[in-house]
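Report on the structure
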Amino acid sequence: MLTLRNVWVEYGDKVVLERISLDIAKGSFVSIIGPSGAGKSSLLRLILGQEQPTRGRISLDGALLPEECGPDRGVVFQRYSVFPHLTVLGNVLLGLEFGASPFTARLFGSARRAARAEAEAMLEQVGLADSAQLYPAQMSGGMQQRLAIAQALIKRPRILLLDEPFGALDPGIRADMHTLITRLWREHGLTIIMVTHDIKEAFSLGTRVLTLDKRRHDPHAPHRYGAGVVYDLELTRKQAVSDETEAAEMAAGIAAAGITIDTVGNN
Amino acid sequence: MRWVTAQPQRSRGLMLGVLPLLVLALAYIIAAAARHAENPADKILPLPGAMAAAMAGLVFEPDPLSGQYLFWADTLASLWRLGAGLGIATLSALVVGLVLGTLPPVRSTLGPLVTAIAVVPPIALLPILFIVFGLGETAKVALIVVGVAPFMIRDVAGHIGALPREQVIKALTLGANSWGVMLRVALPQAMPRLIEALRLSLGPAWVFLISAEAIAADVGLGYRIFLVRRYLAMDVILPYVVWIALLAVVMDFALTQASRRLFGWAHAGAH
C-alpha cells in the first residue's frame, strides 16, 4: 500500500537516511527501532508529510504522497497530541468538525448530534466514555494517549503513525495500552507504523520489525553516511501468550547480534 | 517550619495583606497630625477630614462654572479614554498577534516592524500624535494604543509561536486548513494569554493616560490632579490617587476572575 523508493533525507551536507526502499502492506503493524539519531523519527515525518525526501519517491496506493499532512495519515506523538483547551469530547469532535465545515470548523444542529454520537462511540472503544467532559490537564498520561488515539481514529486514516506513543507511560499502563492498540488494530483493520525505543514492545506488537542504523561509518565525516534498514523481519502474527515469550527471545537475539538500541528517550 | 514552606491560611493571608496598608494609613495620620500641631494651616499632609470635605465638593456638588459633578465627569472621561485605548489595543493584539504567531511568512514580514515600533518610547511620540490628531480625545486614545499594543501583539504572537509544533501537525492530520488551525487551535489558546497581557498593560496604560491628560485636556483624573497641583491642593490629589489605584485594582481583579471563569482549562494546574 505504502511504497518508498530509494528515499534519501539530507539536512545540508548531513545525510540522515539513505537508500530507503520499502513496501508496507495494508493491515500490517510495522515497528521501527534503532539507535538515537538513526532517523526513525525522520522516516515517520516523511510518511506523515511533515518533511519531504531530498531524493526518491513515496507513494500511497500508487499515487505520489502530497507534500503536506492530511487526514489520510493519522498520528499520535509521545506528547502534545491532544489540545489542552478542549474537553475529551471536544478533542474527538474536532476532526469531524474540520472535515465537515472548512470555514467555521464547527458543526450545528443534527450534524453536531450525529458527530457527537460518533465521537462518543469512539471514546467508548478506548475506555474514556466516562471522562468525556474532562480537560486533558485533569487526566493521566495514559488517558491522554488513549484520547490521542481516539482523536486520530475518528478520521479513519489509511495509515496510523505512532511516534513513541507509550514512551512516557508507566510499565503497567503501557501493558494496558498495548492491549488497547492491538485490539483497535484488529477491529479497525488498521495499518500502523510505530517508532519505539522498546525492543520488546516492537516485537510483541509488530507484524514486521524494521531496524534503522548506519550501514557504513566514516570516522572522519560521520555525518556523510545516513542510516538505512539493516534488519527487516517479518513476524507471523502471534495469537497467544506463548508467542510473547517467543518475541522476547527474538528480541534478545537481535540485541545479542550487536545492534545497540538505546532505551533513553531522545526526543 | 521553615519560612519558604510556611503557607498562611486564606483568612490569615488576607489579614497579613491588609496589615501593611493599615500601617501606612496610620503612619500618614500620625505625620499629618504632627504637622498640623505645628501649623494648623498645613496643606502638604491634609487630615482625613479636610480630604473628605474637599472631595465632597467635587463628588456631590455641581461645579458652579460648568454645572458638572467634576469627580464623576473626570472618572467617566478617563475611563472612556482608557477603555477605548485598551479595547483597540486588545483587538489589534488578537488579530495581528494571531496572524503573526500562526503564519511564519507573515511573522518574517511584519515581525521586525512590530519590534521597531515597540522599542520607540511612546511618550516621545506624543507630540506627533498631538500634531496629527489635534488636542482632542483621539490623540489620548492613540497614545494608549501606541503605548501598549506592540507589547501585547508581541506577547500573544510569541505565545502562539511557542505552541508545540505537534499541535499544528495533529490539526492538519485531522483535516484542518491554515484557517482552521488559527480558528480552533491558536485562537482559543491565545485568549487567556491575551487577558494576561491586557492585565499587565493596565499599569502602562494608566501612565500614558495621565501623561496625555496632564499635557492637554479639560477633563479627566490626570487633568484634575495636575490642575489642582498649582494650588498645592493635596486634599484633592491624594484621594484622586487612591481612587485611581482602586479602579486599577478592580480592573485587575475583574480580568483575573474573567479569565478563570471563561478559560478554566488554562488554570487547571493552578489550584
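Just so you know, these numbers come straight off a predicted model, no measurement behind them. (Residues numbered from 1 in each chain as written. Chains lettered and ligands numbered in written order. Predicted model: local features only at pLDDT ≥ 70, side-chain atom pairs only at ≥ 80, totals over all residues. Heavy atoms only, no water.)

**Some remarks on the confidence of the model for chain A**
Residue and element names in this part refer to chain A. Per-residue confidence for chain A averages 84 on the pLDDT scale, and 88% of its residues sit at or above 70. Of all secondary-structure elements in chain A, the lowest mean pLDDT belongs to helix 7 (residues 241-256), at 57, while strand 8 (residues 192-195) reaches the highest, 92. Contacts from residues 262-267, a stretch scored under 50 in pLDDT, to residues over four places away or in other chains number 15 contacts. (pLDDT = per-residue confidence, 0-100. Helix = DSSP H or I, 4+ residues; strand = E, 2+ residues; numbered from the N terminus. Contact = heavy atoms within 4.5 Å.)

**Thoughts on the environment of B:Ala212**
Among the secondary structure elements, B:Ala212 is positioned in helix 8 (residues 178-215). Discounting residues that sit within four places of it in the chain, B:Ala212 has contacts with B:Leu126, B:Phe130, B:Lys140 and B:Leu143.

**Notes on the interface of chain B and chain A**
Interface size is commonly expressed as the accessible area that is lost once the parts come together. Opposite the 23 residues of chain B that make contact, chain A presents 34 residues. Taken as a group, B:Lys170, B:Leu174 and B:Arg184 account for 34% of the area that chain B buries against chain A, more than any other trio of residues on that side. Counting across the interface, chain B meets chain A through 1 salt bridge. Across the pair B:Arg184 and A:Glu97 runs a salt bridge whose closest N-O atoms are separated by 2.8 Å. Between chain B and chain A we count 8 residue pairs in polar contact (both at pLDDT 80 or more) in total. (Buried area = accessible area lost by both parts, 1.4 Å probe. Salt bridge = Lys/Arg side-chain N within 4 Å of Asp/Glu carboxyl O. Polar contact = N/O pair within 3.5 Å; in protein donor to acceptor, adjacent residues only side chain to side chain.)

**Focus: the domain arrangement of chain B**
We note that the domain assignment places domain 1 (10-43) and domain 2 (48-61 + 72-263) within chain B. Placing the centre of domain 1 of chain B and that of domain 2 of chain B at their C-alpha centroids yields a distance of 32 Å. (Domains from an automatic or database assignment.)

**A short note on unusual backbone geometry**
Note: most residues except glycine have negative phi, and most peptide bonds are trans. Residue and element names in this part refer to chain A. Here the phi dihedral of Asp 61 falls at roughly 55°; this positive angle occurs in a residue that is not glycine. As for its placement among the helices and strands, Asp 61 is situated in the loop between strand 4 (55-60) and strand 5 (63-64). A positive phi angle, near 55°, is found at Ala 105, a position not held by glycine. Among the secondary structure elements, Ala 105 is positioned in the loop between helix 2 (88-100) and helix 3 (109-126).

**Examining a nonpolar patch on the surface**
A cluster of nonpolar side chains, B:Ile128, B:Ile131, B:Val132 and B:Phe133, forms an exposed patch at the surface whose accessible area comes to about 430 Å². Structurally, B:Val132 can be placed in helix 5 (residues 122-133). (Patch = residues over 30% accessible without salt bridge, like charges linked within 9 Å, V, L, I, M, F, W, Y side chains within 5 Å. Areas by Shrake-Rupley, 256 points an atom, 1.4 Å probe, with all protein chains shown as cover.)

**Let's talk about helix 10 (residues 234-262) of chain B**
All names here are of chain B. Compared with an ideal rise of 1.5 Å per residue, which puts 29 residues at 42 Å, helix 10 spans 42 Å between its outermost C-alpha atoms and is within 8% of the ideal. For helix 10, every residue scored as buried is listed here: Val 236, Ile 237, Pro 239, Tyr 240, Ile 244, Leu 247, Leu 255 and Ser 259. On the buried face of helix 10, the contacting elements are helix 2 (48-60), helix 3 (70-102), helix 8 and helix 9 (221-228). (Expected span 1.5 Å × (residues − 1). Buried < 20%, exposed > 50% of the residue type's maximum accessible area, 1.4 Å probe, protein only.)

**Here we look at helix 1 (residues 40-48) of chain A**
All names here are of chain A. Counting buried positions along helix 1 gives 8 out of 9 residues, so the element sits mostly inside the fold. Those residues of helix 1 that fall on the buried side of the exposure criterion are Lys 40, Ser 41, Ser 42, Leu 43, Leu 44, Leu 46, Ile 47 and Leu 48. Where helix 1 ends, the next residue or the one after it, Gly 49, has phi of about 95°, a positive value.

**Overview of the packing of helix 8 of chain B against helix 9 of chain B**
All names here are of chain B. As a packed pair, helix 8 and helix 9 sit with axes 7 Å apart at the nearest point and diverge in direction by 55°. Taken together, the axis directions place helix 8 and helix 9 in an arrangement best described as oblique. Classified by chirality, the crossing of helix 9 by helix 8 is right-handed. In contact with Trp 206, Ile 210, Glu 213 and Ala 214 of helix 8, helix 9 contributes Leu 221, Gly 222, Tyr 223 and Phe 226. Here the residues of the contact of helix 8 with helix 9 are counted per class, giving 6 nonpolar, 1 polar and 1 charged. (Axes fitted to C-alpha atoms, helices over the stretch in contact; angles between N-to-C directions. Parallel < 35°, antiparallel > 145°, perpendicular 65-115°, else oblique. Left-handed = near helix turned anticlockwise from the far one by under 90°. Nonpolar A, V, L, I, M, F, W, Y, C, P; charged D, E, K, R; others polar.)

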